[in-house]
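# Remarks on the overall topology
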Amino acid sequence: MTNELTDRLAIRDLIENWAIWRDAGDWERFATVWHDDGVMNATWFQGPASEFIRVTKEGWAKGVSILHFLGGTSIDMAGDRAIAQTKMTISQRGDVQGVACDVVCTGRFYDFVEKRNGRWGVVVRQPIYEKDRVDPIDPSARLELDQAAISKFPAGYRHLAYIQTQIGYKVKLDMPQLEGAEVEELYARGKAWLAAKPR
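So, here is what we can say about the structure in this document. Treat the numbers as computed from the prediction; the structure is a model and nothing was measured.

About the thresholds
- Residues numbered from 1 in each chain as written.
- Predicted model: local features only at pLDDT ≥ 70, side-chain atom pairs only at ≥ 80, totals over all residues.
- Heavy atoms only, no water.
- Helix = DSSP H or I, 4+ residues; strand = E, 2+ residues; numbered from the N terminus.
- Buried < 20%, exposed > 50% of the residue type's maximum accessible area, 1.4 Å probe, protein only.
- Pairing = 2+ DSSP bridges.
- Axes fitted to C-alpha atoms, helices over the stretch in contact; angles between N-to-C directions.
- Core = buried A, V, L, I, M, F, W, Y, C linked by side-chain atoms within 4.5 Å.
- Contact = heavy atoms within 4.5 Å.
- Salt bridge = Lys/Arg side-chain N within 4 Å of Asp/Glu carboxyl O.
- Phe/Tyr/Trp six-rings, centres within 6.5 Å; stacked < 30°, edge-to-face > 60°.

## What to know about unusual backbone geometry
In this structure, Q97 is a non-glycine residue whose phi angle is positive, near 50°. Relative to the helices and strands, Q97 is located in the loop between strand 4 (81-96) and strand 5 (99-116). Residues other than glycine seldom take positive phi values, yet N117 does so here, at roughly 50°. The residue N117 is located in the loop between strand 5 and strand 6 (119-136) in this model. For N117, a relative accessible area of 87% translates into the label exposed.

## So, the pairing of strand 3 (residues 65-78)
The pairing of strand 3 with strand 4 spans 12 bridges and is antiparallel. Looking at strand 4, one finds that L70 is bridged to M88.

## A closer look at helix 5 (residues 158-166)
Those residues of helix 5 that sit buried are L160, A161, Y162, I163 and Q164. Just beyond helix 5, the residue with positive phi is G168, at close to 105°.

## Topic: the sheet that holds strand 1 (residues 34-41)
Note: strands within a sheet are paired through backbone hydrogen bonds, in either parallel or antiparallel orientation. Judged by pairing direction, the sheet is mixed, and its six strands sit side by side in the order 2-1-6-5-4-3 without closing on themselves. Unpaired on one side and paired on the other, strand 2 (46-48) and strand 3 mark the two borders of the sheet. Sheet twist, expressed as the mean angle between neighbouring strand axes with direction ignored, is 15°. Looking at chain direction, strand 5 and strand 6 are connected through 16 bridges and run antiparallel.

## Quick look at the nonpolar core
If you look at the biggest cluster of nonpolar residues, it comprises 45 residues, and the most contacted ones within it are I11, W18, F30, W34, F52, Y129 and Y157. Excluding its chain neighbours within four sequence positions, the residues that come into contact with W34 are W18, V39, M40, A49, F52, I53, R119, V122 and R125. Grouped together as the second largest cluster of nonpolar side chains are 11 residues, Y110, V123, I128 and L186 included.

## Quick notes on the pattern of salt bridges
Scanning the model with the defined rule gives 17 salt bridges in all. For E114, the salt bridge goes to R81, with nearest N and O atoms at 3.3 Å. With a gap of 33 residues between them, E114 in strand 5 and R81 in strand 4 connect regions that are remote in the sequence. Residue E114 is classed as buried on the basis of its relative accessible area of 7%. In this structure, R133 engages D135 in a salt bridge whose closest nitrogen and oxygen atoms are separated by 2.8 Å. Where salt bridges share partners, they join D37, R81, E114 and R116 into one cluster.

## A word on the environment of A196
Looking at where A196 falls in the secondary structure, it is placed in the segment after helix 6 (181-195). You can call A196 partly exposed: its relative accessible area is 48%.

## Observations concerning the packing of aromatic side chains
One pass over the full model with this rule turns up 16 aromatic pairs. Ring plane angle 55° and centroid distance 5.4 Å describe the contact between W18 and F109, whose orientation is recorded as tilted. Of this pair, W18 sits in helix 1 (residues 3-24) while F109 sits in strand 5, placing them 91 residues apart in sequence. W18 gets classed as buried once you look at its relative accessible area, which sits at 1%. Residues F30 and W34 carry aromatic rings whose centres are separated by 6.2 Å and whose planes lie at 85° to one another, so their mutual orientation is edge-to-face. Note on accessibility: F30 and W34 belong to one class, buried.

Okay, structure coming up:
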């Protein structure tokens, strides 16, 4: 097995462990997927991975339910650096104006990963939000969204932002989507990250 193939398998393993360990609440192992300077960017949180783990645990204790499901991964490598893009869905359950709902957002995880001292770890995770929807858990329930409020959020994560705002989170309004200046800037950052690979 070539070194590149071994590295690609290790990166894919890292990405899968992120979702499994985070969603299972296996916080000790979840912390190991990050490098010490790792940064998480999400609709409701942007900052150090260590702080992300802390506030995620707090959310769990309050009953916040956010789960992830992964699809295919594409990895661009340059030495000990890589950009990994992974198809994913984010599923959040919660009340929307008194109606129990699931919001599902489809997109990609765009990960800056690096091999340090023989170990791959996440340096930056930036989701790309492509489209989303909201559904009552009880199909017979009547859900009426505040159209004026929901229209203020970006199209790629409109319903996700709406439910997160309903439960008290402050949502970032300029996250990368399928198209637009924000995702183009992210792609440029990824190219620069690979081009500036360590010697």
